[in-house]
Amino acid sequence: MTATAPAAEATVRKSSPGAARGPRRRTGRLRRLGLPYLLLLPALLLELLVHLVPMVIGIVMSFKELTQFYIRDWSTAPWAGLGNYSVSVDFDAPVGQALLHSFLVTVAFTVLSVGLCWLIGTAAAVFMQDTFRGRGLLRALFLVPYALPVYAAVITWVFMFQHDNGLVNHVLHDQLGLTDKPSFWLIGDNSFVALLTVSVWKGWPFAFLIVMAGLQNIPRELYEAAALDGAGMVQQLRRITLPSLRPVNQVLVLVLFLWTFNDFNTPYVLFGKSAPEAADLISVHIYQASFVTWNFGAGSAMSVLLLLFLLVVTGVHLALTSRGRRTAQ
């Protein structure tokens, strides 16, 4: 009796459908959990090859005396340690002074561009909330600058900013008489205004698109209740629209800041390899330090410093916004 009881229990367990279904269920669960990661694996590998590998190579290059003499085999360049970094942040030397000036110009340009893009985009999105005839066509026209290729759009602005036969001088000087003589927009101090104009023109439709999408999530009942309580348009904007758009604006401002601070295509197409001093953005400055003077080690060090600055700004922004959300809750 005692010998046959365990054998009978084993036979019952083997014949039980639940015992066989258990391992199969676990295997199917593992497959379902692992399938998303398996599908993401090609994208992760491409991301590694396209972004992370060049980033690591650039960091290694920043510690080398990499000049035109070592272009054919950059791995043979002698180590410079922190020499490239010390030269870049030595603000008493010409290289450090030029980098600091470029950084300050980029900060001023980014603050003005992001602020104007957000302001124009938000105003346009609020205006487009009302239903009127031709609203769909106007929305499509607003998105044209964002949809155009960067090079085609900026080259068009280059022709418009020409001194002798440009459209800008023709309107401001010949037709409106706002200037005493035609202005040089692509050289001198006016180059900053020209760069800012092009950046805002092609950047505000993105802010318009994001804010307009955020406005769709605000219940219309809030505005109706506010109108019944006697709140005007300005009060509704301050008390309902802007507080409701705070999460959207936090992400929008960060994205615009990163895009604008790193913008290389706009100044390069607008001014060429040598940007004027008033519009010497740090992206073009690093390009000149790397590919014009053939000092790739110093250019890589400046790029790493720029990366660290953007990481710090992003981290501070995320910390402040997350703290603000916790306080609001």
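Every value quoted in this text rests on a predicted model; they were computed, and no experiment measured them.

### Things to note about the overall build of the protein chain
Okay, so step 1: Along its length, the protein chain carries 15 helices and zero strands.
Okay, so step 2: Within the protein chain, residue pairs in contact and separated by at least 24 positions form 64% of the contacts whose partners lie at least 6 positions apart.

### Considerations on the confidence of the model for the protein chain
Okay, so step 1: Taken over all residues, the pLDDT of the protein chain has a mean of 85, while the share at 70 or more is 89%.
Okay, so step 2: This model gives residues 8-15 a pLDDT under 50, and the stretch forms one contact once residues within four places in sequence are excluded.

### As for the layout of surface pockets
Okay, so step 1: The calculated volume of the largest pocket comes to roughly 650 Å³.
Okay, so step 2: Surrounding the largest pocket, 22 residues form its lining, Ile-286, Gly-299, Ser-300, Ser-303 and Val-304 being those nearest its centre.
Okay, so step 3: If you list the elements that add at least two residues to the lining of the largest pocket, you get α2 (17-61), α14 (282-292) and α15 (296-328).
Okay, so step 4: Among the elements that take part in the lining of the largest pocket, α15 stands out by supplying eight residues, more than any other.
Okay, so step 5: Tallied by class, the residues present in the lining of the largest pocket amount to 14 nonpolar, eight polar and no charged.
Okay, so step 6: Reported here for the second largest pocket is a volume of approximately 340 Å³.
Okay, so step 7: Sorting the residues of the lining of the second largest pocket by element identifies α4 (94-127), α6 (144-147), α7 (150-160), α9 (190-215) and α12 (246-261) as the ones contributing at least two each.

### Re the packing of aromatic side chains
Okay, so step 1: Scanning the model with the defined rule gives 20 aromatic pairs in all.
Okay, so step 2: Judged by centre distance (5.3 Å) and plane angle (35 degrees), the rings of Phe-261 and Phe-309 are tilted. Remark: Phe-309 occurs in helix α15 and Phe-261 occurs in helix α12; sequence separation between them is 48 residues.
Okay, so step 3: Here Phe-261 falls in the buried class, since its relative accessible area comes to 2%.
Okay, so step 4: Look at Phe-264 and Tyr-268: their rings are 5.0 Å apart centre to centre, the planes differ by 25 degrees, and that puts the pair in the stacked class.
Okay, so step 5: Given a relative accessible area of 25%, Phe-264 falls into the partly exposed group.

### Section: the environment of Ile-71
Okay, so step 1: Looking at where Ile-71 falls in the secondary structure, it is placed in the loop between α2 and α3 (83-88).
Okay, so step 2: For Ile-71, a relative accessible area of 39% puts it in the partly exposed group.
Okay, so step 3: Between the alpha carbons of Ile-71 and Trp-294 there is a distance of 9.1 Å; along the sequence they are 223 residues apart.
Okay, so step 4: What Ile-71 contacts, discounting residues up to four positions off in sequence, is Trp-294 and Phe-296.

Analysis parameters
- Residues numbered from 1 in each chain as written.
- Predicted model: local features only at pLDDT ≥ 70, side-chain atom pairs only at ≥ 80, totals over all residues.
- Heavy atoms only, no water.
- Helix = DSSP H or I, 4+ residues; strand = E, 2+ residues; numbered from the N terminus.
- Contact = heavy atoms within 4.5 Å.
- pLDDT = per-residue confidence, 0-100.
- 1 Å grid on protein atoms, 1.4 Å probe; cavity = no way out; pocket = protein on both sides within 12 Å on 5 of 7 lines; lining within 4 Å.
- Points joined across faces, edges and corners; volume = space filled by probe spheres on them.
- Nonpolar A, V, L, I, M, F, W, Y, C, P; charged D, E, K, R; others polar.
- Phe/Tyr/Trp six-rings, centres within 6.5 Å; stacked < 30°, edge-to-face > 60°.
- Buried < 20%, exposed > 50% of the residue type's maximum accessible area, 1.4 Å probe, protein only.

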